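# Tertiary structure, described
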Amino acid sequence: MAPNFSEPSVKRKVHHNDGSRAKKAKTTTGPKHKKVEPKTSESDGATFSDSDDGGAALKQGKTANGQATGKALEKGQTSREAHAKQKQLAQERKAGKPLADEVQRTKKLWERLRRKSHVPKEERQQLVDELFSIITGRIKDFVLKHDAVRAVQTAIKYSTPVQRKQIAKELQGAYAQLAESRYAKFLIGKLLVQNDTEIRDIIIPEFYGKIRKLINHSEASWILDDIYRGAATKEQKAHMLREWYGPEFALFKSGNKGEVTADLSKILAEEPSKRSTVLKYLCDMSNNLIQKKMTGFTMLHDAMLQYFLNLKPDSEELKEFVEVVKGDENGDLLKNMAFTKSGARLACLLLAHGSAKDRKQILKTYKDTFQLMSGDPHGHMILLAAYDLIDDTVLTSKSIFPEILGKIEDLDPGNITFMANDPNARIVSLYLFEGQSKSLFPSSHADDLELLSELHEIRKTTSKKDAEVRRKELVASMSPQMLAAVAAFGKELAATSFGCQFIADILLSSVGDKTAALEAVAATAAGEPNPALPEDADPPYPPPPHLSLTPHGGKLYKTLIAGGRFDRETGTVKRIEPPLNFADILYPVIKDHIMQWAVGPSSFTVLGLLEAPDFSSKKELLKLLKLEKKTLERAATAAETTAEGVKPKSKNKDNGSKSKSGGNQGARLLLEKLHA
């Protein structure tokens, strides 16, 4: 029967009638131990000791309750006295170490300084000055002590630029050693976080020639990669990355006029004989980190991209590399790659060059990560690559859309507004509907367009399905969720400029029944455009303006009424099929306040109703406008003002309703319609 370790074992002592203790029964198994019990009688003269069995004689101490302590106690010494003596000896040993008093004082200062909100500024400055007086000239002795290095970090935190440079210079020659320390490595970060170029140029060159050793070190690797990613200049990064190509590249520069380059293609072009040696060294270094599960380093991803770009297409080296990336357990390598620039580009290129099986496996690896990737400056490109490269659109739609948008019956307003307004996520959600338009890809995302162009060139030989067919199939799969999102959260989406663009693109480019979504958008126009705020309003600040008073709101209504996008080449609106007929949906909602619309910032919305070919209430609207002709005339000639009645300082278009000469341009055009 297995022993029970959940409760302590209880041994019962059995006594005979004569008061003697029963002896334990001997067992036939296990080692034989001879148990000797001391005799209480002195008449037999027999004595026993540990030395009889060949052991050293021990002095057994006892606690107050009579149990043995297991430690040697002096004659007449209690356990309490023994512990006190041990503590005293420990303190004496501590005091005997170098800088013991100084370290103890720095710890006291640190305890006081770290409570920032409890220390007055004058007192803090005095404490910092005292701290510097202790550590100056012997900082190296302090930073390698785990309890003293915190005090040095605090000194850096409250130091002046001159004092920081003094510390940095005093630590010269020791930064590689500090990086390997579990505690001192954070001191390097404290020095670099101030963005001092002189300190940066003191610290970073000390790592040259030691990259291979440090990147494989459990402590140094993280601070080294942080420095590479966030502090190093372009030239310093090149110095560090070149050491991945071989020992000789850590010592000699490459390029014209002494320029340092980490572009492996340029290096191999100058020295083609070293190609196999360099690639093998680079592959071995990368594999070493992958095997150690240290796959989150930006430097690793940069090195892997350089390796991939210099492999020949369809070569055995390329196939082996793809297998290494795919074969990483739990997919940590691919997931980490998605959040760095080089890593995301490498993942996109693997999708472009990979087979259908490779693409499926890569996409499967990113499961439960798509939502996070969609909002990342680099990760969102992998989703665009999946849209443009994977021929199996069913796989793409089932893998990505439910995760980034949610299921139709379980849409989350926070998630939908994020996908509509985030600078990166909105590209993921609208790319299939809008393509590579300037409104979707501003100048800040120029690199995205360059990478897409590179992927489109590769897919000519690696993808079989026509690009437009692939896009239409994905749009058909995505449309139900997007239309449901607009129908459910039209008000939340219309509150921002990006949200209005999201609504317009979905309604103009999606497929399926759009009735519910159009009605939800029309409902955002309900109410009086410029209501008077009651005096006892709670809260005391004005509510958000009516959507018709905002530039993005008026533009949204005008675009949907037109039923298509404006074509600059032809100068006309290309209406979609089937038509939206938004004019007939919107008019009943704004009919009671139509004159406020006609003379307000969104007057072009009313003009659009009259020009819409599918508007069924055109005669009724004209009749209402004729009754208020004088109101239109006053608005057409009035001085230019904002909705709040203040003349604007900027020359914004304001929905196009204001003319350069003053007055409401939309009201003026409405008058022309009445006279026609």
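Treat the numbers as computed from the prediction; the structure is a model and nothing was measured. (Residues numbered from 1 in each chain as written. Predicted model: local features only at pLDDT ≥ 70, side-chain atom pairs only at ≥ 80, totals over all residues. Heavy atoms only, no water.)

## Thoughts on the overall build of the protein
Assigned secondary structure in the protein consists of 35 helices and 2 strands. Burial analysis of the protein (676 residues in total) assigns 42% to the buried set. For the protein, the proportion of contacts with a sequence separation of at least 24, taken over those separated by at least 6, is 66%. Entry remark: accessible area of the protein is about 39,000 Å², with carbon and sulfur atoms responsible for 52%. (Helix = DSSP H or I, 4+ residues; strand = E, 2+ residues; numbered from the N terminus. Buried < 20%, exposed > 50% of the residue type's maximum accessible area, 1.4 Å probe, protein only. Contact = heavy atoms within 4.5 Å. Areas by Shrake-Rupley, 256 points an atom, 1.4 Å probe, with all protein chains shown as cover.)

## Some points on the packing of aromatic side chains
Overall, the coordinates contain 8 aromatic pairs when judged by the stated rule. Ring centres of Trp222 and Phe297 lie 4.7 Å apart, and the angle between their planes is 65°; on these two criteria the pair is classed as edge-to-face. A residue pair is termed long-range when its members are at least 10 positions apart, and Trp222 in helix H11 (residues 220-230) and Phe297 in the loop between helix H14 (275-291) and helix H15 (298-309) qualify at 75 residues. The class for Trp222 is partly exposed, based on a relative accessible area of 44%. Take Phe297: its relative accessible area is 0%, and that puts it in the buried class. Note on Tyr307 and Phe321: the rings are 5.3 Å apart at their centroids and 45° apart in plane angle, and the pair reads as tilted. Here Tyr307 is found in helix H15, whereas its partner Phe321 is found in helix H16 (residues 316-326), with 14 residues between them in sequence. Residue classification places Phe321 among the buried positions, given a relative accessible area of 9%. (Phe/Tyr/Trp six-rings, centres within 6.5 Å; stacked < 30°, edge-to-face > 60°.)

## A word on the packing of helix H23 (residues 413-421) against helix H24 (residues 425-434)
Look at H23 against H24: their axes get within 5 Å of each other, and the N-to-C directions meet at 80°. Viewed along their axes, H23 and H24 adopt a mutual orientation that is roughly perpendicular. Across the interface between the two elements, Phe418, Met419, Ala420 and Asn421 of H23 pack against Ala425, Arg426, Val428 and Ser429 of H24. Here the residues of the contact of H23 with H24 sort into 5 nonpolar, 2 polar and 1 charged. (Axes fitted to C-alpha atoms, helices over the stretch in contact; angles between N-to-C directions. Parallel < 35°, antiparallel > 145°, perpendicular 65-115°, else oblique. Nonpolar A, V, L, I, M, F, W, Y, C, P; charged D, E, K, R; others polar.)

## Thoughts on unusual backbone geometry
The omega torsion of the bond from Glu577 to Pro578 falls at -5°, within 30 degrees of zero and hence cis. Relative to the helices and strands, Pro578 is located in the loop between strand S2 (572-575) and helix H30 (582-590). Although it is not a glycine, Asp314 adopts a positive phi angle of roughly 60°. For Asn581, which is not a glycine, the phi torsion comes out positive at approximately 55°.

## A closer look at the pattern of salt bridges
Taken as a whole and judged by the stated rule, the model has 26 salt bridges. Of the charged contacts, one joins Lys213 and Glu180 as a salt bridge, the two residues approaching to 3.5 Å between their closest N and O atoms. Remark: Glu180 occurs in the loop between helix H7 (175-179) and helix H8 (185-192) and Lys213 occurs in helix H10 (residues 211-215); sequence separation between them is 33 residues. Note on Lys213: relative accessible area 56%, which makes it exposed. In this structure, Glu620 and Lys591 form a salt bridge, with 2.6 Å as the shortest nitrogen-oxygen distance. (Salt bridge = Lys/Arg side-chain N within 4 Å of Asp/Glu carboxyl O.)

## As for helix H29 (residues 551-562)
Over its 12 residues, H29 extends 17 Å from the first C-alpha to the last, a length consistent with the 16 Å expected when each residue adds 1.5 Å. Three or more residues of H29 are buried, namely Gly553, Gly554, Leu556, Tyr557, Leu560 and Ile561. Buried positions in H29, seen along its axis, are confined to an arc of 160° and lie on one side of it. On its buried side, H29 packs onto helix H27 (497-509), helix H28 (515-523), S2, H30, helix H31 (594-598) and helix H32 (603-611). (Expected span 1.5 Å × (residues − 1). Arc of directions from axis to C-beta.)

## Overview of the packing of helix H5 (residues 149-157) against H8
Axis separation between H5 and H8 bottoms out at 10 Å; the angle between their running directions is 5°. Considering their axes alone, H5 and H8 lie roughly parallel with respect to each other. Across from Val149, Val152, Gln153 and Ile156 in H5, the residues of H8 making contact are Phe186, Leu187, Lys190 and Leu191. Here the contact of H5 with H8 is built from residues that sort into 6 nonpolar, 1 polar and 1 charged.

## A closer look at the pairing of S2
Both faces of the sheet carry side chains from a regular strand, because those side chains alternate between them. Of the strand pairs in this sheet, strand S1 (residues 564-567) and S2 are connected by 4 bridges, and their pairing is antiparallel. If you follow Gly564 over to S2, its bridge partner there is Arg575. Linkage of S1 to S2, two consecutive antiparallel strands, is achieved through a turn of 4 residues, within which Gly571 is found at a positive phi near 75°. (Pairing = 2+ DSSP bridges.)

## Describing the side chain of His445
With respect to the element layout, His445 can be found in the loop between H24 and helix H25 (446-462). Relative accessible area serves as the criterion here: at 10%, His445 is assigned to the buried category. Reaching out from His445, the side chain makes a polar contact with the side chain of Asn424 at a distance of 2.9 Å. Contact partners of His445, with chain neighbours within four places excluded, come to His380, Pro423, Asn424 and Ile427. (Polar contact = N/O pair within 3.5 Å; in protein donor to acceptor, adjacent residues only side chain to side chain.)

## A look at the nonpolar core
One recurring pattern in soluble globular proteins is that nonpolar side chains are buried together. Among the nonpolar cores identified, the biggest contains 179 residues, and Trp244 and Tyr387 are the most heavily contacted of them. For this core, the leading source of residues is helix H26 (residues 467-493), giving 10 residues. Other than its neighbours up to four places away in sequence, Trp244 contacts Ile211, Ile215, Tyr281, Leu282, Met285, Ser286, Leu289, Met299, Leu300 and Ala303. (Core = buried A, V, L, I, M, F, W, Y, C linked by side-chain atoms within 4.5 Å.)

## A short note on the environment of Asp302
Looking at the element boundaries, Asp302 is found in helix H15. Classification of Asp302 by relative accessible area gives buried; the value is 15%. Not counting residues up to four positions away in its chain, the partners in contact with Asp302 are Tyr228, Leu241 and Ser342.

## Examining H28
For H28, the set of buried residues is Ala517, Leu518, Ala520, Val521 and Ala522. Considering only its buried residues, H28 is in contact with H26, H27, H29 and H30.

## Digging into the side chain of Arg200
As for its placement among the helices and strands, Arg200 is situated in helix H9 (residues 197-203). Setting aside chain neighbours within four positions, we find Arg200 in contact with Leu192, Pro205, Ala231, Thr233 and Gln236.

## Comments concerning the environment of His552
Mapped onto the fold, His552 is located in helix H29. Not counting residues up to four positions away in its chain, the partners in contact with His552 are Ala494, Ala495, Thr496, Ser497, Cys500 and Leu547.

## Regarding the confidence of the model for the protein
For the protein, the average pLDDT comes to 83, and 80% of its residues sit at 70 or higher. pLDDT under 50 marks residues 640-647. Its contacts with residues more than four places away, or in other chains, come to 13 contacts. (pLDDT = per-residue confidence, 0-100.)

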